[in-house]
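Observations on the model geometry
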Amino acid sequence: MNAPVTPFSHISSGKFQAWRTPRRIFEPLHRQFNFTLDAAADAENALCPEYFDEKTDAFAQKWTTDGYVWLNPPYAQPTPWLFKALYEVREAKRCNGVVMLLPAAVGVKWFRQALQNAEVQFYDRRIAFDLPAGMVNKGSPGSGSCLVIIEPDGLHGVTAIRSVKDGEILTDLTELK
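Now for a description of the structure that goes with this document.

Analysis parameters
- Residues numbered from 1 in each chain as written.
- Predicted model: local features only at pLDDT ≥ 70, side-chain atom pairs only at ≥ 80, totals over all residues.
- Heavy atoms only, no water.
- Salt bridge = Lys/Arg side-chain N within 4 Å of Asp/Glu carboxyl O.
- Helix = DSSP H or I, 4+ residues; strand = E, 2+ residues; numbered from the N terminus.
- Buried < 20%, exposed > 50% of the residue type's maximum accessible area, 1.4 Å probe, protein only.
- Lys, Arg positive; Asp, Glu negative; His and termini not counted.
- Polar contact = N/O pair within 3.5 Å; in protein donor to acceptor, adjacent residues only side chain to side chain.
- Contact = heavy atoms within 4.5 Å.
- Axes fitted to C-alpha atoms, helices over the stretch in contact; angles between N-to-C directions.
- Parallel < 35°, antiparallel > 145°, perpendicular 65-115°, else oblique.
- Left-handed = near helix turned anticlockwise from the far one by under 90°.
- Nonpolar A, V, L, I, M, F, W, Y, C, P; charged D, E, K, R; others polar.
- Phe/Tyr/Trp six-rings, centres within 6.5 Å; stacked < 30°, edge-to-face > 60°.
- Arc of directions from axis to C-beta.

Structural notes on the pattern of salt bridges
One pass over the structure, following the stated rule, counts 4 salt bridges. The salt bridge involving Glu168 is made with Arg31; its shortest N-O contact spans 3.2 Å. With Glu168 in the loop between strand E9 (157-162) and strand E10 (169-172) and Arg31 in helix H1 (residues 23-33), this pair connects stretches of sequence that are 137 residues apart. A relative accessible area of 58% means that Arg31 is categorised as exposed. Here Arg94 ties to Glu88 by a salt bridge, and the two come within 3.0 Å at their closest N and O atoms. Note on Glu88: relative accessible area 0%, which makes it buried. By sharing partners, the salt bridges in this structure join Lys84, Glu88 and Arg94 into a single network.

Right, here's the structure in full:
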């Protein structure tokens, strides 16, 4: 019998989950949002000086920060992360916002909830994630990725298409409205 998978698990459904966001994706976002906390990281893949790892458990913590929270959680279980981020931003009001890098799983319930409660930006193709030192990347995830941007009074729905090459916005869909 398989061990139960926890929301913070780096290994779930038998698949490795500790993918690191490539700098070319993170840096343009960091310039825009000035992240101060990485809520799903470890010592090897943290992109902010302050981070929560499996031991400190982001779900047990208050995401209190003067800036934005970066979140690239395990793709296998995004639902609890989405609800935690919505709570920290909209109800507890402990941070300026949360930017989540998630699978572009448009046919699932959590994605519909994200569309109704947050801004969603798609990437133009799959992201080749970085792996911890010593591991070889043999491809990219099985699906595309998107950003879910949660702010206290932010937009909701699909707002942009971003480039995987440099992380910049290719098409601003808010200008079409």
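Still more ground to cover, so stick around.
Topic: the side chain of Arg162
Mapped onto the elements of the fold, Arg162 is located in strand E9. One buried charged side chain, Arg162, makes no salt bridge at all; its nearest oppositely charged neighbour is Glu168, positioned 5.3 Å away. Among the polar contacts listed, one links the side chain of Arg162 to the backbone oxygen of Gly167, at a separation of 2.6 Å. When residues no more than four places from it in sequence are discounted, the contact partners of Arg162 are Leu29, Gln32, Gln121, Phe122, Tyr123, Asp124, Leu147, Gly167, Glu168, Ile169 and Leu170.

Focus: the side chain of Glu119
You can see Glu119 is positioned in strand E7 (residues 119-123). Buried within the structure, Glu119 lacks any salt-bridge partner; its nearest side chain of opposite charge belongs to Arg162, at an N-O separation of 6.8 Å. In this structure the side chain of Glu119 is engaged in a polar contact, spanning 2.6 Å, whose partner is the side chain of Thr159.

Points about the packing of helix H2 (residues 79-91) against helix H3 (residues 109-117)
Contact geometry of H2 with H3 gives a least axis separation of 10 Å together with a crossing angle of 20 degrees. By the angle between their axes, H2 is roughly parallel relative to H3. By crossing handedness, the relation of H2 to H3 is classed as left-handed. Note on element contacts: H3 touches H2 through Trp110, Gln113, Ala114 and Asn117, opposite Thr79, Leu82, Phe83, Leu86 and Arg90. Broken down by class, the residue content of the contact of H2 with H3 amounts to 5 nonpolar, 3 polar and 1 charged.

A look at the packing of aromatic side chains
Considering all chains together, one arrives at 9 aromatic pairs under this definition. Note on Phe26 and Trp70: the rings are 5.5 Å apart at their centroids and 75 degrees apart in plane angle, and the pair reads as edge-to-face. Residue Phe26 is located in helix H1, and its partner Trp70 is located in strand E5 (residues 68-71); the two are separated by 44 residues in the primary sequence. Residue classification places Trp70 among the buried residues on the basis of a relative accessible area of 0%.

Some details on the environment of His30
In this structure, His30 sits in helix H1. When its relative accessible area of 25% is taken as the criterion, His30 is described as partly exposed. Along the backbone, His30 and Leu47 are 17 residues apart, and their C-alpha atoms lie at a distance of 9.5 Å.

What to know about H3
In an α-helix there are 3.6 residues to a turn, and that puts residues three or four apart on one side. Within the sequence span of H3, burial applies to Trp110, Phe111, Gln113 and Ala114. For H3, the arc enclosing every buried residue in end-on projection is 160 degrees, short of the 170-degree limit, so these residues lie on one face. Across from the buried face of H3, at angles greater than 90 degrees, the exposed residues are Lys109 and Gln116. Of the surrounding secondary structure, the elements contacted by the buried residues of H3 are H2, strand E6 (97-103), E7 and strand E8 (145-150).

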